[in-house]
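Descriptive structure summary
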Amino acid sequence: MTTSGTIDIRNLGKAYSSPQGGFQVLQGLNLTIRPGEFVSIVGGSGCGKSTLLRLISGLEEDYQGDIRIGGERVRGTSLDRGIVFQDLRLLPWLNAEQNVALALENAPLSKAEKRRAVADHLEMVGLERFAKAYPHQLSGGMSQRVAIARGLVNKPELLLLDEPFGALDALTRSHLQEELERVWKEEDITMVLVTHDVEEAVFLADRVIVMEPGPGRIRREVKVPLPRPRRRGDPRFVEIKEDILRDFSSSRTSVNGYAAAGQAAAEPQLGWAT
Amino acid sequence: MNGLTGLSTRRLLLKSLLPALILGYYALATRNHWLNPRIWVTPGQIWHAAAGLNRDGFLWLAVGESLLRDLIGFTLGTASGLLIGGALGLSRWADRLGTPTLHFLKAIAIFAWIPMLTMFFGIGELSKIVFIALSAFYPVALNTLEGIRSVPPSQRELARVYRLNPWQRLKKVIAPSALPSILTGIQLALILTWLSTVGVEYFMSAGPSIGGILLNGAESFHLDLVFIGVILLGGIGFALDQLAHGVGRHLLRNRPQTLNA
């Protein structure tokens, strides 16, 4: 069992100010995530799901309400919280192992321990033979694995994933989802995944949080009480997925014109249809 | 392999075609007196004059003097350009304080500095070095500043995620990210300092130097000397430029092939 604490989010609000006035991204959001839990957050664009993730990571510090991890209020970033971005952010002048090692710059480890940790994590994502390859020599899926290895190499208690597989083809994506599940089980850490792919959310999560925009808030939570590894064709799996997808079709008709007009392009979608 | 060398030989031939044609026409024109023979000298005469200078040891002395002067000015100018450009790029405070002044100063044509420099430092070596350094300073400072400013916010954010301290951030993220732009500045500086070296030798009369050869040739109507000066100026400038691009390509060898051409 990990030593990580419970993530406790109370009455969270976040506003951006712009020349046209303030814009409320999140309002009155409450969420508790248990240690070791896998939580997916789904929602159309503009529902503030990525902002929520950035707030938990500590990259955004100006907010109303409270975010506490193990009782401590989040202040700034921490090596205990890893994050994987959709745009990967591998540094093009560093090879795979150097990119992973970047995360260990300030880890309290000896040089040899760092080297071993980098090698172990590249092996975990199956890239030990590509340690010396530069990002432009790697495929999209391989690059994403490097980014995941980098997110995990510090042994964080929490890994935040911001649409990590959004840019990948369907086959690579489902393969990486399975790998992510394996890593989650092996490392026994908390994972919070933001995605607009409902199938991905259901496949991986213990609990799916459905968000809605204007201002961003939680619409409801859906538990996924299915045994792992899950089969995407399982009728119960399909039922949960359809249930969540219905939320989006109903919100499209019920929400005002702003939401309907602004979001059509980024509506949640069936994983296998893309 | 054979096809490759064949291709590069053909390319080299193509590249030297235009200079060869010009030289051939010039040789013909001087030999047949299409050009006034009292001013225009034949390639043979130029070669002869160069051999004469070489025999005295003067030619290499001149080249050495000019290159040394260039090197000192280039080093000083590039170092201060990196320092000032780096400070302006890294500190918002320094940026607000210094960048407008830098942009004002860069608008002054480089040769307009000569009167002021001679007033401050006389017409000795110091004036020349400062002038050469100035011509390296601007491209390096401006490109360093620009390179640091264009580090993507996503890369800066990465430094925050991994809690890099300012030194780690500079070493691991900002400097490598700005490197292509900085190299562009240094390449520019290398060619500009060479031009200013010969220019300042010409305008502030130096001893044995390439600018000195040009000056002597012009004052005594010895076009052969002028040609020797021009050929050295162009040849060495070309070599320096090739060197700079080679070093740049080497330093950026692991990057996607977009910036280094």
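Quick caveat, the model's predicted, so the values are computed rather than measured. (Residues numbered from 1 in each chain as written. Chains lettered and ligands numbered in written order. Predicted model: local features only at pLDDT ≥ 70, side-chain atom pairs only at ≥ 80, totals over all residues. Heavy atoms only, no water.)

**Quick look at the packing of aromatic side chains**
All names here are of chain B.
- Scanning the entire structure with this criterion turns up 10 aromatic pairs over all chains.
- Where Y26 meets F227, the ring centres are 5.5 Å apart and the plane angle is 55°; that geometry is what we call tilted. Remark: F227 occurs in helix α10 (residues 223-251) and Y26 occurs in helix α1 (residues 2-31); sequence separation between them is 201 residues.
- Taking relative accessible area as the criterion, Y26 reaches 13% and is therefore assigned buried.
- Exposure remark for F227: the relative accessible area of 23% places this residue in the partly exposed category.
- Ring centres of F111 and F203 lie 5.6 Å apart, and the angle between their planes is 70°; this geometry places the pair in the edge-to-face category. Of this pair, F111 sits in the loop between α4 (92-106) and α5 (113-121) while F203 sits in helix α8 (residues 166-203); the two residues are 92 residues apart in sequence, bridging distant segments of the chain.
- Given the relative accessible area of 37%, F111 is considered partly exposed. (Phe/Tyr/Trp six-rings, centres within 6.5 Å; stacked < 30°, edge-to-face > 60°. Helix = DSSP H or I, 4+ residues; strand = E, 2+ residues; numbered from the N terminus. Buried < 20%, exposed > 50% of the residue type's maximum accessible area, 1.4 Å probe, protein only.)

**Overview of the interface of chain A and chain B**
- Between chain A and chain B, the residue contacts involve 24 residues of the former and 18 residues of the latter.
- Summed over the shared surface of chain A and chain B, the number is three salt bridges.
- Two residues, R89 of chain A and E157 of chain B, come together in a salt bridge whose shortest N-O distance is 2.8 Å.
- Between the two partners, chain A and chain B, sit 14 residue pairs in polar contact (both at pLDDT 80 or more).
- Among the residues forming the side of chain A that touches chain B, the class breakdown is 10 nonpolar, eight polar and six charged. (Contact = heavy atoms within 4.5 Å. Salt bridge = Lys/Arg side-chain N within 4 Å of Asp/Glu carboxyl O. Polar contact = N/O pair within 3.5 Å; in protein donor to acceptor, adjacent residues only side chain to side chain. Nonpolar A, V, L, I, M, F, W, Y, C, P; charged D, E, K, R; others polar.)

**Some words on a nonpolar patch on the surface**
- On the surface, a nonpolar cluster with roughly 540 Å² of combined accessible area is contributed by L14, L17, L18, L21 and I22 of chain B.
- Within the secondary structure layout, L21 of chain B lies in helix α1. (Patch = residues over 30% accessible without salt bridge, like charges linked within 9 Å, V, L, I, M, F, W, Y side chains within 5 Å. Areas by Shrake-Rupley, 256 points an atom, 1.4 Å probe, with all protein chains shown as cover.)

**A look at the pattern of salt bridges**
- With the rule as written, the count across this model stands at 34 salt bridges over all chains.
- A salt bridge links K155 of chain A to E187 of chain A; the shortest N-O distance between them is 3.4 Å. Highlighted residues: K155 of chain A in the loop between α4 (140-152) and β7 (158-162) and E187 of chain A in helix α5 (residues 170-187), separated in sequence by 32 residues.
- Classification of K155 of chain A by relative accessible area gives exposed; the value is 55%.
- On the basis of relative accessible area, E187 of chain A is assigned to the buried category, the value being 18%.
- With a closest N to O distance of 2.9 Å, R219 of chain A and E212 of chain A form a salt bridge.
- A single salt-bridge network, built from bridges that share partners, covers K14, R54, E60, D87 and R89 of chain A together with E157 of chain B.

**Considerations on the sheet that holds strand β8 (residues 190-195) of chain A**
Residue and element names in this part refer to chain A.
- Reading across from one edge, β6-β7-β8-β3-β9-β10 is the order of the six strands in this open sheet, with mixed pairing throughout. Of all strands in the sheet, those with a lone pairing partner are β6 (81-84) and β10 (217-223), marking the two edges. On average, each strand axis in the sheet is inclined to that of its neighbour by 20°, with strand direction left out of account.
- Note that β6 and β7 share four bridges and pair parallel. Counterpart to G82 in the pairing with β7 is L159. (Pairing = 2+ DSSP bridges. Axes fitted to C-alpha atoms, helices over the stretch in contact; angles between N-to-C directions.)

**Remarks on the confidence of the model for chain B**
- Per-residue pLDDT for chain B averages 89, and the proportion of residues at 70 or more is 96%.
- Mean pLDDT across the elements of chain B bottoms out in α1 of chain B (83) and peaks in helix α3 (residues 58-90) of chain B (95). (pLDDT = per-residue confidence, 0-100.)

**What to know about the sheet that holds strand β5 (residues 72-73) of chain A**
All names here are of chain A.
- The strand order across the open sheet built from four strands is β2-β1-β4-β5, with neighbouring strands paired in antiparallel fashion. In the strand order of this sheet, the two ends are held by β2 (21-33) and β5, each with one partner.
- Summarising the sheet, strand β1 (residues 7-18) and β2 pair through nine bridges and their orientation is antiparallel. By the bridge assignment, Y16 is partnered in β2 with F23.

**Some words on the packing of α8 of chain B against helix α9 (residues 210-219) of chain B**
Residue and element names in this part refer to chain B.
- Direction vectors running N to C along α8 and α9 enclose 45°, while the axes themselves pass 7 Å from each other. Classified by the interaxial angle, the pair formed by α8 and α9 is oblique. Our pair here, α8 against α9, has a crossing hand that is right-handed. Here W194, V198, E201 and Y202 of α8 come into contact with α9, specifically with I210, G211, G212, L214, L215 and A218.
- Split by residue class, the contact of α8 with α9 holds seven nonpolar, two polar and one charged. (Parallel < 35°, antiparallel > 145°, perpendicular 65-115°, else oblique. Left-handed = near helix turned anticlockwise from the far one by under 90°.)

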